[in-house]
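Close look at the chain arrangement
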Amino acid sequence: MAKNVAAFYSNRSEKFADKHSIDNVPESYVKLLSEFSDLVKTGKVLDAGCGPGRDVRYFAKKNLDVIGIDASEKMIKEARKRGDEKYQVMNVEELDFDNQKFDGVWCNTVLIFFKNKKREKILNELRRVLKPGGMIHLGLKEGSGTFLREINNESITQYLLSQAEARKFLEDNEFEILEIYVNETNQDFNFLNIFARKIE
Ligand SMILES: C[S@@+](CC[C@H](N)C(=O)[O-])C[C@H]1O[C@@H](n2cnc3c(N)ncnc32)[C@H](O)[C@@H]1O
């Protein structure tokens with residue numbers, strides 16, 4: 001298992017799965033899922049760091065040919081309990097897929113755990129498996145510095161980006177940004193949802 005982050009989530013996979021079901025996410029999040037499905041329209045989708053598979057199930061219902069991967073075996077186990085969609089235990093840093101396999105890549109609140117070179121390496125791995133012109137969604141957190149995510153007395157660091165930094169991150173790695181949505185929270189960050197296309 002890719003250590004640290006996935007281990008942190010493995011320890012709370014069942015609770016996470018119950019808490020983050022499709023019935024518990026805000027309407028604004030369902031709109032993002034819907035917009036992504038409409039933009040991809042048809043073909044193969046990768047949910048990178050899918051957790052217990054909430055978004056995989058949504059895309060499967062939209063008739064997309066979706067596979068979810070996660071480095072946590074326990075998360076994949078929770079996902080498999082909830083449906084017969086395709087899942088694999090896999091590290092997003094080294095995807096076991098051919099180049100240009102997917103029409104769309106969905107990656108929600110996974111890159112927030114990585115900084116600088118590692119974050120860039122993962123984005124390039126996601127880029128590698130996308131077809132030219134393929135669609136990516138990144139769910140990030142907007143702010144400055146770091147945010148300590150605490151659950152049951154354990155904590156993990158998340159790295160926040162300004163909108164300008166997030167934009168530069170994608171553009172420097174040959175993506176064309178289509179939309180950036182900011183969803184405000186009452187915490188020290190906002191959710192930053194970016195839709196972009198791989199430049200051919
Ligand atoms: C905050 S959860 C988000 C899960 C899901 N995308 C969602 O929106 O509910 C982060 C997920 O990333 C997974 N993860 C962390 N590091 C990973 C890695 N290197 N490769 C694949 N998955 C990873 C964790 O196991 C966890 O399921």
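To start, this report covers the structure provided alongside it.

1. Examining the environment of phenylalanine 59
Considering the arrangement of structural elements, one finds phenylalanine 59 in helix α4 (residues 54–61). In sequence terms phenylalanine 59 and phenylalanine 189 are 130 residues apart; their C-alpha atoms lie 27 Å from each other. Apart from the residues within four sequence positions on either side, phenylalanine 59 is in contact with Ser37, Val45, Leu64 and Val66.

2. Some details on the nonpolar core
Grouped together as the largest cluster of nonpolar side chains are 53 residues, with contacts concentrated most on Val105 and Leu126. What valine 105 contacts, discounting residues up to four positions off in sequence, is Leu46, Ala48, Leu126, Val129, Leu130, Gly134 and Ile136.

3. A look at the sheet that holds strand β8 (residues 175–183)
In space, the seven strands of this open sheet follow the order β3-β2-β1-β4-β5-β9-β8, with mixed pairing throughout. Of all strands in the sheet, those with a lone pairing partner are β3 (86–89) and β8, marking the two edges. Strand-to-strand twist of the sheet, defined as the mean angle between neighbouring strand axes without regard to direction, takes the value 15 degrees. Across six bridges, strand β4 (residues 102–108) lies against strand β5 (residues 130–142) in parallel orientation. Bridge assignment links asparagine 108 to a residue of β5, and that residue is glycine 139. With respect to the sheet, α4 is in contact with β1 (44–48), β2 (65–70) and β4, its orientation differing from that of β2 by roughly 170 degrees.

4. Describing unusual backbone geometry
With a phi close to 65 degrees, lysine 41 is a non-glycine residue in the positive phi region. Within the secondary structure, lysine 41 is located in the loop between α3 (27–40) and β1. Looking at lysine 41, the number of C-beta atoms within 10 Å reads 12, which means it is exposed. Even without being glycine, threonine 109 reaches a positive phi, approximately 45 degrees. Positionally, threonine 109 belongs in the loop between β4 and α6 (116–129).

5. As for the environment of aspartate 172
Within the secondary structure, aspartate 172 sits in helix α7 (residues 163–172). Taking the C-alpha atoms as reference points, aspartate 172 and leucine 111, separated by 61 residues in sequence, lie 16 Å from one another.

Here is what the cut-offs are and how they apply
- Residues numbered from 1 in each chain as written.
- Predicted model: local features only at pLDDT ≥ 70, side-chain atom pairs only at ≥ 80, totals over all residues.
- Helix = DSSP H or I, 4+ residues; strand = E, 2+ residues; numbered from the N terminus.
- Contact = placed C-beta atoms within 7 Å.
- Core = buried A, V, L, I, M, F, W, Y, C linked by C-beta atoms within 7 Å.
- Buried ≥ 20, exposed ≤ 12 C-beta atoms within 10 Å, placed from the backbone.
- Pairing = 2+ DSSP bridges.
- Axes fitted to C-alpha atoms, helices over the stretch in contact; angles between N-to-C directions.

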